[in-house]
Amino acid sequence: MDWITHEEDVWFDFRGSTTDQLVSGRYYKGTVDGFADFGVFVDLSPGVTGLLHRSELDRRLESLGWDPGETVFVQVKNVRDNGNVDLAWSKRQSEREFRGAKVHDPEGEADGEQIEMGAEEATESPAPVRQTPTASSGEELNGAAETTEEAETPSSSPSPSEADDVTDEIAEATETDSPDDPETVDPETAVDAAELERVDVDALDDHVGDDVRLEGEIVGVRQTSGPTVFELRDSTGAVDCAAFVEAGVRAYPDVEVGSVVRLAGEVELRYDELQVETESLTILEGEEAAAVEQRLADALTAEARPDDVVSLADHDAIDAVAGDLLDAAETIRRAVLESRPIVVRHAATADGYVAGAAVERAVLPLIRSEHAAADAEYHFFTRRPLEESVYDMDDATKDVTRMLQDRDRHDEKLPLVLLVGTGSTVESSDGLGLLGIYGASRVVVDAEVADAAIADDCEAIVNPSLAGADAADLSTGAMATTLAATVNADVRDDLAHLPAVSYWSDTPQAYGDLAADAGFDADRTRELREAIALEAYYQSYEEKRELITDLLFDATSGLAGHISEQFRQKLDDEIETATANLDRNEEDGVVVDHLDTDAYTHRFDFPPKSLLLDELHRRRRPEDDSYLTVGVATDELYLRSSGDLDLRGVASDAAEAVSDAGITAASIRDGRIEFLSGRRDAAVDAIVDAAVDRIA
């Protein structure tokens, strides 16, 4: 078999002066010019700059660690008619990870010359890639084309007509005796899969350099500028399998996500990742396909269902939903095993972040164990915080748009959307319904208020109150941590302190003791809670995976204490100002604290209104038995009550009293009621009167 150097494994030094001289698909050496919220600007030469959009990265923008002026490697994805250059991410970020380097000098004689890399770089270069033929796709490999391109690089970029001539010459040079037969394969290089040993994916480490046979389901397909990469999953795991026809050409076009296949190829270790160089790929049908599917189904069922709920502490409300927790854990584990992306939606609060981070801590190791690709955890797991505790049409539209793009552009499966501490009330029905129309799985996990009707809008809901249990002392963070430990018992000890972090007050002793035993006393858990609350506010729509991980799980960094000090200073300053401007009165024995948040808080600064009002409410006078805290803005208000308060009932009573004010309960969990700004005074009076009547 021939060994060649694919052009995708070569980086170019661009010495041109205009963007139209760039060649799409090539990797170029560049320097970081600057950063924006949406990506990185990279200079490819003086006067030629491209944009590496954050959507092209295999990691978060803030985790790149690049500095202005730093040398980086990027791929030119597209040169637009207006001269803008779209760049793509290069996993290789040092010379030694490429197999060669060339000059791209479209106006000079040096074009195409090899660049001599440093001795250290050259000796550490990976082994060359073997070009192998495809068997069942109906297309032959053009090895001669690749070799010709590498050996005879033209002195300047060819014109379209010249490129057509070169293509014709290559086609003539690589014709077989049966050029019109799409199934023609060179018998001297083709591998007979039936003669090879079938190997499970989890055993590939022991077969590097060997030809093997794999059988399983295709769970992902992506077309690169070089090979087509199929992600194959069997009963033990998943691995990337590269099939090369010619640069950028789709191999095996009949093979799609969901195809059950038999694949033969050589196991290679590329950039510290296992990959199979595909030599033949056949879609299975009939009894052969059924046997593979049954093997996958049996393994999936056996592996996905946990034996029992992994409790962190005794809690009656947790016991009441044990069966539902097992079902939710199985759904999450099954999504990992099926290579189905998981999207976690949670409120941008301390409790919400604890809940989401607990699930993340449990799921990421499972993803790593299932996928050979180092960046799999970024492709198959995402947390997307919500501004409030309602999953509305805006949120659902964003999720549907992303999942359809990923399906159509990257052949990804539709995700499992896990809503934690949100989505449990009818205000989220429209958003959940939109997900359902497109077939995305929906699981709701919420320890607080929930509506029974929401069960019709999701596949599963875990909620103690719907199970008839009293969950007054259970936080969503505590329940989600139990779910996470059930998903992956290996991380139970890592999660032990999280339930205590999720409570602002009245932490159950069992969770406090659990955290203390793990080395987190009351002061440490307070620092974590405050630090998470502060970071949840800034860039609230971003998951901040690495930062949140450092805060919650790195006990030695001192980061939480540093941020906690900022939290306390900012909150105390705002509380002092707000307290001085409270309008306090008493109505029918109920003390009402009224704060105009538009006039007496700093807009667009920490703390957010809901957290400020929570803290004001917690600092109430101890002698007050019945009380309301009311925060009023232009067209909404927040209510906090000393006892249970039916927010929808309050909104309904107020709307009946002032029918033209557009009064409606917007978010039950957040205690938020909306109204028309033009009827603000009348609406506020009616809402407060209705709340007082229900408390009194």
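In the block above lies the structure referred to throughout.
Residues numbered from 1 in each chain as written. Predicted model: local features only at pLDDT ≥ 70, side-chain atom pairs only at ≥ 80, totals over all residues. Heavy atoms only, no water.

Novice: Which residues make up the pattern of salt bridges, and what are the values?
Specialist: Tallying each qualifying case throughout the model produces 51 salt bridges. R80 is the salt-bridge partner of D86, the closest N and O atoms lying 2.8 Å from each other. Classification of D86 as buried rests on a relative accessible area of 18%. The exposure class assigned to R80 is partly exposed, which follows from its relative accessible area of 43%. One connected set of salt bridges, linked through shared partners, spans R526, E530, R568, D572, E615, R618 and R619. (Salt bridge = Lys/Arg side-chain N within 4 Å of Asp/Glu carboxyl O. Buried < 20%, exposed > 50% of the residue type's maximum accessible area, 1.4 Å probe, protein only.)

Novice: Could you give an account of the packing of helix α9 (residues 393-410) against helix α10 (residues 429-437), naming the residues involved and the relevant values?
Specialist: Two numbers describe how α9 lies on α10: the axes approach to 8 Å, and their chain directions differ by 20°. When the axes of α9 and α10 are compared, the pair comes out roughly parallel. Read as a crossing pair, α9 and α10 show a hand that is right-handed. Within the contact between the two elements, α9 uses M393, A396, T397, D399 and V400 and α10 uses D430, G431, L434 and L435. Each residue belonging to the contact of α9 with α10 can be placed in one class, and the counts come to five nonpolar, two polar and two charged. (Axes fitted to C-alpha atoms, helices over the stretch in contact; angles between N-to-C directions. Helix = DSSP H or I, 4+ residues; strand = E, 2+ residues; numbered from the N terminus. Parallel < 35°, antiparallel > 145°, perpendicular 65-115°, else oblique. Left-handed = near helix turned anticlockwise from the far one by under 90°. Contact = heavy atoms within 4.5 Å. Nonpolar A, V, L, I, M, F, W, Y, C, P; charged D, E, K, R; others polar.)

Novice: Pulling in residues and values, what's your account of helix α14 (residues 509-517)?
Specialist: Those residues of α14 that fall on the buried side of the exposure criterion are Y511, L514 and A515. Summarising the axial view, the buried residues of α14 lie within an arc of 95°, below the 170-degree limit, and thus occupy one face. Residues Q509 and D517 are exposed on α14 and point more than 90 degrees away from its buried face. Looking at the buried residues of α14, the elements they touch are α5 (316-320), α11 (476-487), α13 (498-501) and α15 (522-537). One or two steps after α14, the chain reaches G519, where phi turns positive at roughly 95°. (Arc of directions from axis to C-beta.)

Novice: Describe the sheet that holds strand β22 (residues 627-632), naming the residues involved and giving the relevant values.
Specialist: The six strands lie next to each other as β20-β21-β22-β23-β25-β24, forming an open sheet whose pairing is mixed. Bordering the open sheet on either side are β20 (583-587) and β24 (664-667), each of which pairs with just one other strand. Between one strand axis and the next, the sheet turns through 30° on average, direction left out of account. Sheet topology places strand β21 (residues 590-596) next to β22; six bridges connect them, and they run parallel. Within β22, the position partnered with D596 by the bridge is V632. Of the strands in this sheet, β23 (636-641), β24 and β25 (672-674) are in contact with helix α20 (residues 647-657), which crosses β24 at around 150°. (Pairing = 2+ DSSP bridges.)

Novice: Hey, could you go over the nonpolar core for me, with residue numbers and the actual values?
Specialist: In this structure, I342, V363, L474, M479 and L495 are the most contacted members of the largest nonpolar core, which totals 81 residues. Tallying contributions element by element places helix α7 (residues 350-370) first for this core, with twelve residues. What L474 contacts, discounting residues up to four positions off in sequence, is H315, A317, I318, A447, P464, M479, Y503 and Y511. Counting residues in hydrophobic clusters, the runner-up holds 26 residues, among them V590, L637, A654 and V684. (Core = buried A, V, L, I, M, F, W, Y, C linked by side-chain atoms within 4.5 Å.)

Novice: I'd like a rundown of the pairing of strand β14 (residues 273-283), residues and numbers included.
Specialist: Counting buried positions along β14 yields nine of eleven residues, so the element is predominantly enclosed. Relative to β14, strand β12 (residues 238-243) runs parallel, the two sharing three bridges. Counted as the bridge partner of D240 is Q275 from β14. Strand direction decides the pairing type here: strand β13 (residues 260-270) and β14, joined by ten bridges, are antiparallel. Residue pairing for β14: R270 is matched across the bridge by E273.

Novice: Give a description of the packing of aromatic side chains that names residues and reports values.
Specialist: With the rule as written, the count across this model stands at twelve aromatic pairs. Relative to F73, the ring of W11 has its centre 5.6 Å away and its plane inclined at 65°; by these criteria the two rings are edge-to-face. Residue W11 is found in strand β2 (residues 10-14), and its partner F73 is found in strand β6 (residues 71-79); the two are separated by 62 residues along the sequence. Both residues of the pair, W11 and F73, count as buried. The interplanar angle of 85° and the centroid separation of 5.9 Å between the aromatic rings of F14 and Y28 together place this pair among those described as edge-to-face. With a gap of 14 residues between them, F14 in strand β2 and Y28 in strand β3 (residues 27-36) connect regions that are remote in the sequence. Judged by relative accessible area, which is 0%, Y28 ranks as buried. In this structure, R545 packs its charged tip against the face of Y378, placed 4.8 Å from the ring centre. (Phe/Tyr/Trp six-rings, centres within 6.5 Å; stacked < 30°, edge-to-face > 60°. Lys NZ or Arg CZ within 6 Å of the ring centre and 35° of its normal.)

Novice: An account of the sheet that holds strand β15 (residues 342-347) is requested, with residue identities and associated values reported.
Specialist: Working definition: the strands of a sheet are paired by backbone hydrogen bonds and lie parallel or antiparallel to each other. In space, the five strands of this open sheet follow the order β16-β15-β17-β18-β19, with parallel pairing throughout. Unpaired on one side and paired on the other, β16 (381-386) and β19 (460-462) mark the two borders of the sheet. Across the sheet, the mean angle from the axis of one strand to that of its neighbour is 15°, orientation sign disregarded. Across five bridges, strand β17 (residues 416-420) lies against strand β18 (residues 441-445) in parallel orientation. Pairing of L418 across the sheet is with V443, part of β18.

Novice: Could you give an account of helix α16 (residues 545-553), naming the residues involved and the relevant values?
Specialist: Given 3.6 residues per turn, any residue in an α-helix points the same way as the ones three and four places further on. Those residues of α16 not exposed but buried are R545, I548, L551, L552 and F553. Seen from one end, α16 has its buried residues packed into an arc of 160°, which puts them on one side.

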